[in-house]
Structures are given as structure tokens and as C-alpha cells.
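Each chain, letter by letter, is given below.
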Amino acid sequence: MDKILRVKMGADGGPQIVVEPLGDYAGMGGRAMTSAVVAKEVPPLCHPLGADNKLVIAPGMLSGSAAAMSGRISVGCKSPLTGGIKEANSGGQPSQMLARLGCAAIVIEGRPADDTLYKMVVNKDGAKIEADNSLKMLGNYDLVEKMKAAYGDKVACISIGPAGEMKMSAASIAFTDMEQRPTRHAGRGGVGAVMGSKGLKVIVVDDEGTARREPADPDKFKAANKAFVAGLKKHPVTGEGLPAYGTNVLTNVINEAGGYPTNNFSTGQFAGASKISGEAQAELENTRGGEGSATHGCHRGCVIRCSGTFYGKNGNFLTKQPEYETVWAHGGNCGIDDLDAIAELDRMDDDFGLDTIEMGATIGVAMEGGVAKFGDAEAAINLLKEVGQGTPLGRILGNGASVTGQVFGVERVPVVKRQAMPAYDPRSVQGIGVTYATTTMGADHTAGYSVTANVLGVGGNVDGTKPEGQVELSRNLQIATAAIDATGMCLFIAFAILDQAETFQALLDVLSGFTGQPCTADDVTDLGKSILKQEREFNAAAGFTSKDDRLPAFFKTEPIAPHDVTFGVSDEELDSVFNF
Amino acid sequence: MHINQESATGEASQHGLFLAVTAADFHKFVGLLNTGFMLNIRVGESVQTLLCDRIGLDKSYFDERIQTLFLNSKPVDDPATAAVKNNAILALSAAMPGLVGATFRKGGTYRWMRGSISHPDDSDTAAGKVGWITVKLFNLILKELGPFFLEGGIWLRSETIQAFFKERSGSLGDAIQYVSWNGGEIVPGGILEIEWPDEPIYIKIIHQN
Ligand code: SF4
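Residues numbered from 1 in each chain as written. Chains lettered and ligands numbered in written order. Predicted model: local features only at pLDDT ≥ 70, side-chain atom pairs only at ≥ 80, totals over all residues. Heavy atoms only, no water.

Student: What exactly am I supposed to notice about the overall build of chain A here?
Tutor: Broken down by element type, chain A carries 23 helices and 16 strands. Against the globule reference of 25 Å for 580 residues, chain A gives a C-alpha radius of gyration of 22 Å, in line with a compact fold. A principal-axis box enclosing the C-alpha atoms of chain A has dimensions of 60 × 55 × 55 Å. Here chain A, with 580 residues, has 66% of them falling under the buried criterion. Considering only contacts within chain A whose residues lie at least 6 apart along the sequence, 71% involve residues at least 24 apart. For chain A, the computed accessible surface area is about 18,400 Å², with 48% contributed by carbon and sulfur atoms. (Helix = DSSP H or I, 4+ residues; strand = E, 2+ residues; numbered from the N terminus. Rg over C-alpha atoms; globule rule 2.2 N^0.38 Å. Buried < 20%, exposed > 50% of the residue type's maximum accessible area, 1.4 Å probe, protein only. Contact = heavy atoms within 4.5 Å. Areas by Shrake-Rupley, 256 points an atom, 1.4 Å probe, with all protein chains shown as cover.)

And the structure:
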């Protein structure tokens, strides 16, 4: 990857694309690239939807190579939802394809002179951008069909739906999957609204005529990749649990633990959990679509394959297998125990271009505010339709849980830095609360997802029995996660490298074999730390203080059943997370 | 394999359903266990004693495969000391993904992150009496141990059995070869006609070629 495509939307005479060498950004990928560009080039106090914000789309460092699991892509900007720096991560085909085209990042900047809508095409001959107002307010599915008709059935699309065009803070950016469906999303933080503010509807990526990126040390890379894949396959989570049930395997377990936020975080167990569990979902998918329907990858090169295909009652494709967080957000969090209704909501989110977590949390808050009743699936579907249509109520909901809570006078609004909290109650699992509170991203379960301190050797062995142990764990997890997000690897590799030292070593060897440079655990740690530091500095300059690193007050005052616990980590402890 | 279920309790159901089903379709009946089933216990015995010594689970399977256990919704770190009480709920799962999944693993590195809800090591004062436990099996454990428990014999709430056969009568086809209800043979379709008593039913399902 040797170039950056800079798309100047506000250029005189209409948008222009400039091809630039990597310069200071050489060697970076994924979140390292997006956060570096945003930190260096975006004024922290700019309006997220204004001309000064930039949208950065960057394949991971290993994307486009033969490294397994390396097809994740990062999207960065100043978030219209949180007001801070944002990295949203997605699967799909575009990461591998952009990397093979030599493109380390697409940086979209400025703002067009009027409300003309543009489409951009990137292929081996270069990149071009042109106006196409016929695409206005198309859903992602119809849009992709149109692009297929125009550019063939091998291209990939990066696009926004109506929510992005309406600049809603819950708007996502869609990435097409192996079947050319817009099912993979950089969901969090309203990145779709920033793309909408730039007037860019779709980027069509065509990698025909390109070759796989080759490693610097082919023998080392090949052997390490083989060992890495073997490690993923032999681990019970990455080799069996995730392929069989997907991430929704968590529903029964988190619910049993009393950590499953139900009816807008009012209790920790949902009576209908087993009906929407991963076990029930896999059985339904395999029954309707044939054995194997519950096991599928979100991009080529994934060997875990935690996704699947959801067929409707009529046997036709409806959506990809909804993930745990989606099933929770639209399911238990709204008191809904109907998998078909949840899948319908997931399909609508993908089509309108919306973050499923934000929308489920928002509908939960709206239900608490009396807009609909908990458990009413039809009402939830109708509310989401309003968002797609952009009615006044829809525009409120499309701007997320925080705005909706304010509008309807709801006190229990589960957000940090205005971003909705995902599917784990921080009162039952206090450690995740530390991450929710302190991550640069707003409440985000993936921010502290990965690898143990003891494997990475960050800060020695953690003693979790001491209060500071939770803080130290969260800190180390956030560092490791930031580093993995830079590689383009899927975070789900964490389970195998957590438990199997040889699989972690294989990952380091894959990196080293690819770059031709030595790679140690310390290097990975340093990378993670430098990303987080940059993000923290951006947020501080944007006006964030330690007061923003807090959970909403109700988590400290309302005990949650069945354990009757409140969040007990002190503010002083939270403030020590970033002492490195 | 036979689960050693003592009938020393007068509360035990006198109602029993016995099914012989085709080997190829046996897995379809595992869904009966989706919301949990009941077993007799000796109050105060440890989770490990119950599952390995009395029920007969292989110790290495227990140690390696069952990575996540909950007793009354509290994650268990040491199954050898966690004592089961009358009417307890025990849930068994394989290792789970995600940071939060990892926190629930028995004795795992991240267990401190959910310290405030962990199951305390304890013993029970009513030790030795016969009682009941509800067992829930999740994910791979349901798939792998479900058949074992169905063959060994377990108790289910009558509504669970009724709902299962009502919902799935179409998909079970000719899977059921033989049925006996309270000791007397009935035709497979007769299951839908049973007047279910409002108490736990002892159910055992074997497969044959
Ligand atoms: S494990 Fe799941 S999320 Fe990760 S790359 Fe594979 S299909 Fe995508």
C-alpha cells in the first residue's frame, strides 16, 4: 500500500481526487492510520459535519495479503455523536480490495458547494468522482443493486443509506460482503453522517487486475500464518463455538449471569432470552436455509466464520445473521423475544444505514419514555420506519439514545460520551464499566476486548484482587485492542491468542514475516499506546475532561436484579486508567 | 449410560414418559432441554461431585470443556467447593467469546472484573438431604451432553414437554418409534393427546437403529 487518495469535495470546479505518497503515514494501517490522520489534520473544535472534519477509510496493515482474518477496515473522523475522535470497524470485501489497489487510505475532506450527491469509483487505473443525483435517498440494498448493474458483480461498495444523507448521528457506513450485500457496517459514532455531510453516497471498489500483497519474508510468513490458522481452529471458542452459534452464543450466558440489560437497563435478566439465543437462532437458520447456514465469513480469508445467513419465514434471504449486540439491542433491551422481528429490524438498519446498537438502545429509551410499549415488536419496526423516512420523530430517534432521552424526559439513558452502551450491564461486570467509561470512543464493548496483560507482558502480572487491578486490566485491554485494530485483524482472534501462547507468537511472526521487520509483544504494546495517546490528546483538545469518563449516575444509584449490585469503581480509579 | 437418580424423595413424580426414537433424529429431541431440566441432588454436595461422581460425567470433559458455570446466576470459580442447595439452578457452558464472556470463565484471568457477583465457596447446613436442582445446558455443552441426559433420564416441567411436541410435531415426522406413558404403550401421535399433570414428568429417550 503506497498511496493515499485524497478526495477534496470542496475543490473549485467540483470534487477532485489527488493521489499522494504516504509520507508521515508510511507503515500505518487501520486504526493507527485513521487516528493519526484525524489527530494531525482535523481541528479538534471543528463541527463534525462541517468542511474541516475529514473522513478516513483505511484497510488494516495486513489487509490484501494472505494473512488469515486480516480483512477488517477502519473508518475514522470526529464523531457527530460523541464530539470526540472515532474509529469504527467493519468487515466486508472492500478492505482486501483497496489494499490490493495499493490504497492505504481514502481521506475525504472539505464540503461540496451545494447538495449534489456524488459517487466515486476506484480501480487499477485510478479513481474518479462524479455527480449522480439519481442515487438520492436510496437504501443500501437498492443502491448496491444499481452499482452491480453498472459496474458488474465483482465490485465492492462502501456506501451510506438515507440516514447518512440526513446526517443522523446513528448513521453507519455499509461495506458489501462476499455476496455483494451491504450487510457489514462501520456502525458506531455516526460515521455515516460525516460521509453524508461530504455529499458522497458510494465508493465503488474494483480490484480486477490486481494481485495479492506479498510478504517481505515469504517462508516465515507462510509458516506463521499456517500456525496461526491452526491455533484458531483448535481453540473451542474460535474453532467451534463462534462458527456454530456466532456471537449470539452469549445471550444465554450473559442472561444467566444477570448481566443482560433488559427493558432499557431496568433489570439484568430477560424471560425470553432462550427464544432469541444463539442456539435458537442457529437452529432456525439451519432449518430454514439448510445445514451450514449459521456459519459464514464476513469477508474472504476469515477462518472463524462467526456470521451466518438469516432466511425469512418465506425461505428467502432476509439479512445476515444478527450479531449478539444487535439481538440484544432490538431484542431483550426492548423486551422483544421474536427472532424474525429482530432480523427484520437488522435488515432495516442495514438498508437505512444505521448502527444497530444505537438504534436498539434508542428505541429502548423511547419505550421507557412512553412512545411504545416494551415487547411491542410491531411498534419497534414502525419507529425504525420513521427513521428511514426522516419524519420529525424519526429524526429524533435517528440521532441516538442521548437526544431521544432528552426529548422524552427519560432519566435512565445508557450512554457514555453520548454513545449508547452495548449489551453488557456494567453493574454485573464492573470491569467492562471501566472500559465503557474511559475509552476514547464513548461506550464501546470492543474497546477493551482483547488479550491478557500476562500474554502481552504489559505492566507485569495484574493482581485483579486489588481495586486498581480492574483499572489495570481495562488499560491493558484497551492498548492491545487498539493495536489489533491497526493490523486489520478481526478482534475475535483474541480468544485464541489469549489462551494459547504459541498462537500469539504466530501472530507476531505473521506481522514480522509480512513487514520483514522484527515484531515483539513490546512493539505491539507501543503501537497500541501511541494510538490511544493520540486519541486522548484529540479528545482533550476537543474539550473532554475526566468528567466525561463517567458512567451515567443511575448505574451508581439503581441496583440491578438479580444481584442487586451498583457500579462501585471510584472516580479516582477511573481517572488512573490512562496513567501510562 | 444411566444417570443415577435416587428416588428417595416422596416429591418425585410418578409420571413417566419413555420414548425410543431413530438414531438419525435423536438430536432433534435435545431441544426439549433448551430451558433447563431437573435432577435430584444430595443437598450440600459440590457441583463437581454431582456431575462427575454421581451423574458420571468424564472428569477431563468436565475440567476442559465446561469452562463456564453458574450456580443461581453466580459464576463459579471452583466447582469442587461450590455446594448445591435445594432448588438451585446450575448452568453449564463452554468457553465464551468476548471480554465479558472471558470474565465468566471459571478461575479465569478476568474473573475479578465480575468479582461482586461471584459465587462464594460454601457448604450447606442441610447437607445430605435429597433435593432438586434445575440444570441448564448452553451451546456446545447442550449439543454434547443433551443426548447423555436424555438417555439417562431427567425431569421436565409438563408445560415444556407439551409445548415442545406441539410446536415440532410437523418436523419430528417418523422419528418416534415407540412411546410409553406411565408404563403403558401409546401411539406416537398420542403424545399430543396426553392430559399432562401439573407436576414434573420423568422423561427418558433412547435411540435405536
Ligand atoms: S470472525 Fe466474524 S467478525 Fe471476525 S472476520 Fe470472521 S466473520 Fe467477520
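What follows continues from the structure just given.
Student: Would you explain the packing of aromatic side chains in this entry?
Tutor: In this description, a pair of aromatic rings is defined by centroid distance and the angle of the planes. The full count for this structure, using the stated rule, is 16 aromatic pairs over all chains. Ring plane angle 65 degrees and centroid distance 6.1 Å describe the contact between phenylalanine 18 of chain B and tyrosine 178 of chain B, whose orientation is recorded as edge-to-face. Taken together, the residues phenylalanine 18 of chain B in strand S1 (residues 16-22) and tyrosine 178 of chain B in strand S8 (residues 176-181) connect sequence positions 160 residues apart. Since its relative accessible area comes to 25%, phenylalanine 18 of chain B is described here as partly exposed. With a relative accessible area of 30%, tyrosine 178 of chain B lands in the partly exposed category. In this structure an aromatic cluster arises from ring pairing among Tyr260, Phe270, Tyr324 and Tyr424 of chain A. (Phe/Tyr/Trp six-rings, centres within 6.5 Å; stacked < 30°, edge-to-face > 60°.)

Student: Help me understand the site of the ligand in this model?
Tutor: The ligand sits among Met69, Arg72, Gly297, Cys298, His299, Cys302, Ile304, Arg305, Cys306, Cys490 and Phe492 of chain A. In the shell around the ligand, the residues fall into 7 nonpolar, 2 polar and 2 charged. (Near = heavy atom within 4 Å. Nonpolar A, V, L, I, M, F, W, Y, C, P; charged D, E, K, R; others polar.)

Student: Looking at this structure, I do not really get the pairing of strand S14 (residues 317-320) of chain A. What am I missing?
Tutor: Two faces belong to every sheet, and in a regular strand the side chains alternate between them. All names here are of chain A. The pairing of strand S13 (residues 309-311) with S14 spans 3 bridges and is classified as antiparallel. By the bridge assignment, phenylalanine 310 is partnered in S14 with threonine 319. The turn linking S13 back onto S14 is made up of 5 residues, and glycine 315 within it adopts a positive phi angle of 90 degrees. (Pairing = 2+ DSSP bridges.)

Student: Before we go on, may I ask you to explain the sheet that holds strand S8 (residues 126-131) of chain A in this structure?
Tutor: Residue and element names in this part refer to chain A. Taken in spatial order, the 6 strands make up an open sheet running S8-S7-S12-S9-S10-S11, and their pairing is mixed. Looking at the sheet topology across the chains shown, the edges are occupied by S8 and strand S11 (184-186). Along the sheet, successive strands turn relative to each other by an average axial angle of 20 degrees, direction set aside. Bridge count for strand S7 (residues 118-123) against S8 is 6 bridges, and the pairing is antiparallel. (Axes fitted to C-alpha atoms, helices over the stretch in contact; angles between N-to-C directions.)

Student: Would you explain the sheet that holds strand S2 (residues 16-21) of chain A in this entry?
Tutor: The pairing of strands in a sheet comes from backbone hydrogen bonds and takes either a parallel or an antiparallel form. Residue and element names in this part refer to chain A. Taking strand neighbours across the sheet as the criterion, the 6 strands line up as S2-S1-S6-S3-S4-S5 in an open arrangement whose pairing is mixed. Two strands lie at the open edges of the sheet, namely S2 and strand S5 (85-90), each paired on one side alone. Across the sheet, the axes of successive neighbouring strands diverge by a mean angle of 20 degrees, strand direction being ignored. In the sheet, strand S1 (residues 3-8) pairs with S2 via 6 bridges, with the strands oriented antiparallel. By the bridge assignment for S2, valine 7 is matched with isoleucine 17. Where helix H1 (residues 30-41) meets the sheet, its contacts fall on S1, strand S3 (55-59), strand S4 (73-78), S5 and strand S6 (103-109), and the angle it forms with S4 comes to roughly 15 degrees.

Student: Just to check I follow, could you spell out the pattern of salt bridges for this structure?
Tutor: If charged atoms from side chains of opposite charge come close, those side chains can pair. Residue and element names in this part refer to chain A. Under the defined criterion, the tally for this structure stands at 39 salt bridges over all chains. The closest approach of N and O atoms between glutamate 130 and lysine 119, which form a salt bridge, is 3.7 Å. Of this pair, glutamate 130 sits in strand S8 while lysine 119 sits in strand S7; the two residues are 11 residues apart in sequence, bridging distant segments of the chain. With a shortest N-O distance of 3.4 Å, aspartate 571 and arginine 550 are connected by a salt bridge. In this pair, aspartate 571 is assigned in helix H23 (residues 571-575) and arginine 550 in the loop between helix H21 (521-541) and helix H22 (554-557), connecting sequence segments 21 residues apart. What makes aspartate 571 partly exposed here is its relative accessible area of 26%. (Salt bridge = Lys/Arg side-chain N within 4 Å of Asp/Glu carboxyl O.)

Student: So what exactly am I meant to see when it comes to helix H13 (residues 377-389) of chain A here?
Tutor: Owing to its 3.6 residues per turn, the α-helix brings residues three or four apart onto one side. Residue and element names in this part refer to chain A. Spanning 13 residues, H13 covers 19 Å between terminal C-alpha atoms, matching the ideal 18 Å at 1.5 Å per step. Looking at H13, one finds that the buried residues are Ala377, Ala379, Ala380, Ile381, Leu383, Leu384, Val387 and Gly388. Sitting at the amino-terminal end of H13 is aspartate 376, which places a side-chain oxygen 3.3 Å from the backbone nitrogen of glutamate 378. Positioned one or two residues after H13, glycine 390 has a phi angle of 70 degrees, which is positive. (Expected span 1.5 Å × (residues − 1). Polar contact = N/O pair within 3.5 Å; in protein donor to acceptor, adjacent residues only side chain to side chain.)

Student: Mind showing me how you'd approach the environment of proline 518 of chain A here?
Tutor: Residue and element names in this part refer to chain A. By secondary structure assignment, the location of proline 518 is in the loop between helix H20 (501-515) and H21. Taking the relative accessible area as the measure of exposure, proline 518 reaches 66% and is therefore exposed. Residues proline 518 and leucine 508 lie 10 residues apart in sequence; the distance between their C-alpha atoms is 8.7 Å. Not counting residues up to four positions away in its chain, the partners in contact with proline 518 are Ser512 and Asp523.

Student: Any chance you could explain the side chain of serine 197 of chain A here in plain terms?
Tutor: Residues and elements named next belong to chain A. Positionally, serine 197 belongs in helix H5 (residues 191-197). The buried category is assigned to serine 197, whose relative accessible area is 6%. What serine 197 contacts, discounting residues up to four positions off in sequence, is Leu49, Arg111, Pro112 and Lys167.

Student: Explain the packing of helix H3 (residues 140-151) of chain A against helix H11 (residues 339-352) of chain A to me, please; I cannot follow it from the model alone.
Tutor: Packed helix pairs are specified by the crossing angle of their axes together with the interaxial distance, meaning the distance between the axes. Residues and elements named next belong to chain A. Put simply, H3 and H11 touch, their axes get as near as 6 Å, and they point 55 degrees apart. Accordingly, the angle class assigned to the pair H3 and H11 is oblique. Two secondary-structure elements touch here, H3 through Asn140, Tyr141 and Asp142 and H11 through Arg347, Asp350, Asp351 and Phe352. Residue composition of the contact of H3 with H11, grouped by class: 2 nonpolar, 1 polar and 4 charged. (Parallel < 35°, antiparallel > 145°, perpendicular 65-115°, else oblique.)

Student: So what exactly am I meant to see when it comes to the nonpolar core here?
Tutor: A general tendency of soluble globular proteins is for nonpolar side chains to be buried together. One finds Met69 and Phe228 of chain A together with Leu17, Leu19, Phe29 and Phe165 of chain B to be the most contacted residues of the largest nonpolar core, which totals 175 residues. Leucine 19 of chain B has contacts with Phe29, Phe165, Ile176, Tyr178, Val179, Ile191, Lys204, Ile205 and Ile206 of chain B, leaving out every residue within four places of it along the chain. Residues Leu55, Cys77, Leu98 and Val122 of chain A belong to the second largest nonpolar core, which totals 31 residues. (Core = buried A, V, L, I, M, F, W, Y, C linked by side-chain atoms within 4.5 Å.)

Student: Is there a simple way to think about the packing of helix H12 (residues 356-368) of chain A against H13 of chain A in this case?
Tutor: All names here are of chain A. The geometry of H12 relative to H13 is characterised by a closest axis approach of 11 Å and an angle of 115 degrees between their N-to-C directions. As H12 packs across H13, the resulting crossing turns out to be right-handed. Across the interface between the two elements, Met359, Ile363 and Met367 of H12 pack against Ala380, Leu383, Leu384 and Val387 of H13. Residue composition of the contact of H12 with H13, by class: 7 nonpolar, no polar and no charged. (Left-handed = near helix turned anticlockwise from the far one by under 90°.)

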